[in-house]
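Listed below, chain by chain, are the residues.
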Amino acid sequence: ETLIGGGKVEEIRILLDETGAKTCIFDTELNPRHQRELENKLGDNIKILDRTALILDIFAQHAKTREGILQVELAQYEYRLPRLTRAWTHLARQAGGASGRSGSAGGVGLRGPGETQLEVDRREINARISFLKKELEKVREHRQRHRVQRKRSRIPIVSLVGYTNAGKSTLLNQISGADIYAADQLFATLDPTTRRVKLPGGEQALMTDTVGFIQKLPTQLVAAFRATLEEISESDLLVHVVDINHPNALAQWKSVQDTLTAIGADHIPMITALNKVDLLPDPDNAVDILSD
């Protein structure tokens, strides 16, 4: 019922009381029933968040462009829809005439109790989801037209991929001389940014900074960021940026590889770029970290 045992729930409740914390975060995805039961056990004053909700909240803070805002909003609504509770059902509203009132017309066709607030919320959210999907489909078509134009120009397309906060934006800034926002934080980049880069041999390429990946990437994000992720799958070359100094560098590398497979981009030629090699105790053996 609560995903974890009753003893662990009690342990968390005591810890919340001792620390005065008002939020409890689970590093996994809670289904709607788990969330409701945990809220009942831990109290209405405790906010229950799972992994997906936390990631969506971070995305919402970083979304700046119209496309980014649309993508995050769609993912949020698709996450929240099955989690609407029946807390509103006591607010049943009349959608038609009322039976038994003086002067009211009875008989066949008389509408009974109207929609509950829960039903109204669901209908409105479904309508909003439908609208957002249509808008993002326009974005997808727009991106596709741009990709066709880029391919006609015969300029190679290179996508920087990697775990979130691995250093992709910083690398693109160094290579292209651009001033793309880069920060030591999760998901600083949500929208792909493309810059023209001159290669050492004199050729040119279009290099794109993409949204960072993460372990157990929520399905809502994969679906909502379809247009953005297609930028990766249409590339001629991938540069996988790995923060080799991170304690979980191997796990992060594997997560990115799994995500590339999931979006159908694992067939694209790839170069692995090891970032922060200079911070390792033994830089000469940096590659060994990914071969364990």
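Preceding this section is the structure that the text describes.
Predicted, not measured: the structure shown is a model, and the values here were computed from it. (Residues numbered from 1 in each chain as written. Predicted model: local features only at pLDDT ≥ 70, side-chain atom pairs only at ≥ 80, totals over all residues. Heavy atoms only, no water.)

1. Looking at the overall build of the chain
Scanning the chain for helices and strands turns up 9 helices and 7 strands. Counting only residues that meet the buried cut, the chain has 41% of its 292 residues in that class. Restricting the contact set of the chain to residue pairs at least 6 apart, pairs at least 24 apart contribute 68%. Only carbon and sulfur atoms are counted for the fraction: they give 50% of the accessible area of the chain, which is about 16,500 Å². (Helix = DSSP H or I, 4+ residues; strand = E, 2+ residues; numbered from the N terminus. Buried < 20%, exposed > 50% of the residue type's maximum accessible area, 1.4 Å probe, protein only. Contact = heavy atoms within 4.5 Å. Areas by Shrake-Rupley, 256 points an atom, 1.4 Å probe, with all protein chains shown as cover.)

2. Let's talk about the pattern of salt bridges
Counted by the stated rule, this structure contains 12 salt bridges. Put simply, E29 and R83 hold a salt bridge, and the shortest N to O gap is 3.9 Å. Of the two residues, E29 is situated in the loop between β1 (23-26) and α2 (32-42) and R83 in the loop between α4 (66-80) and α5 (117-152); the sequence distance between them amounts to 54 residues. Classification of E29 as partly exposed rests on a relative accessible area of 40%. As a salt-bridge pair, E135 and R66 come within 2.5 Å of each other at their nearest N and O atoms. In this pair, E135 is assigned in helix α5 and R66 in helix α4, connecting sequence segments 69 residues apart. Within this structure, E10, R13 and D17 form a network of salt bridges that share partners. (Salt bridge = Lys/Arg side-chain N within 4 Å of Asp/Glu carboxyl O.)

3. Some words on the pairing of β1
Burial along β1 is one-sided: C24 and F26 are buried, while T23 and I25, pointing the other way, are not. What joins β1 to strand β2 (residues 47-50) is α2, and the crossover it makes is right-handed. (Right-handed = clockwise from strand over helix to strand, strands pointing away.)

4. A few points about unusual backbone geometry
Phi at L3 takes a positive value of approximately 75 degrees, unusual for a residue other than glycine. The residue L3 is located in the segment before α1 (6-19) in this model. You can call L3 partly exposed: its relative accessible area is 45%. Although it is not a glycine, N165 adopts a positive phi angle of roughly 70 degrees. When you line up the elements, N165 lands in the loop between β3 (157-162) and α6 (168-176). Looking at N165, the relative accessible area reads 28%, which means it is partly exposed.

5. Things to note about the packing of α1 against α2
Look at α1 against α2: their axes get within 10 Å of each other, and the N-to-C directions meet at 55 degrees. If you check the angle between α1 and α2, you find them oblique. Both α1 and α2 take part in a crossing whose hand is right-handed. Between α1 and α2, the contacting residues are V9, I12, R13 and L16 on the first element and L38, K41 and L42 on the second. Residues that form the contact of α1 with α2 fall into these classes: 5 nonpolar, no polar and 2 charged. (Axes fitted to C-alpha atoms, helices over the stretch in contact; angles between N-to-C directions. Parallel < 35°, antiparallel > 145°, perpendicular 65-115°, else oblique. Left-handed = near helix turned anticlockwise from the far one by under 90°. Nonpolar A, V, L, I, M, F, W, Y, C, P; charged D, E, K, R; others polar.)

6. Digging into the environment of P281
In this fold, P281 is placed in the segment after β7 (270-275). P281 sits in the exposed class, given a relative accessible area of 85%. For the pair P281 and N245, spaced 36 residues apart in sequence, the C-alpha separation works out to 9.4 Å.

7. Describing α2
Burial in α2 covers these residues: H34, Q35, L38 and L42. Along the axis of α2, the buried positions cluster into a sector of 95 degrees, meaning they face one direction only. In this fold, the buried residues of α2 make contact with α1, β1, β2 and α4. Once α2 ends, the next one or two residues include G43, with phi positive near 105 degrees. (Arc of directions from axis to C-beta.)

8. Details of the sheet that holds β3
Taken in spatial order, the 5 strands of this open sheet run β4-β5-β3-β6-β7, and their pairing is mixed. The open sheet has two free edges, formed respectively by β4 (193-198) and β7, since each of these has just one partner strand. Shown here is a sheet whose adjacent strand axes are inclined to one another by a mean of 25 degrees, direction ignored. Both β4 and strand β5 (residues 204-209) contribute to a ladder of 6 bridges, which runs antiparallel. Looking at β5, one finds that T193 is bridged to D209. Packing of α6 onto the sheet brings it into contact with β3, β4, β5 and β6 (237-243), and relative to β4 it is tilted by some 35 degrees. (Pairing = 2+ DSSP bridges.)

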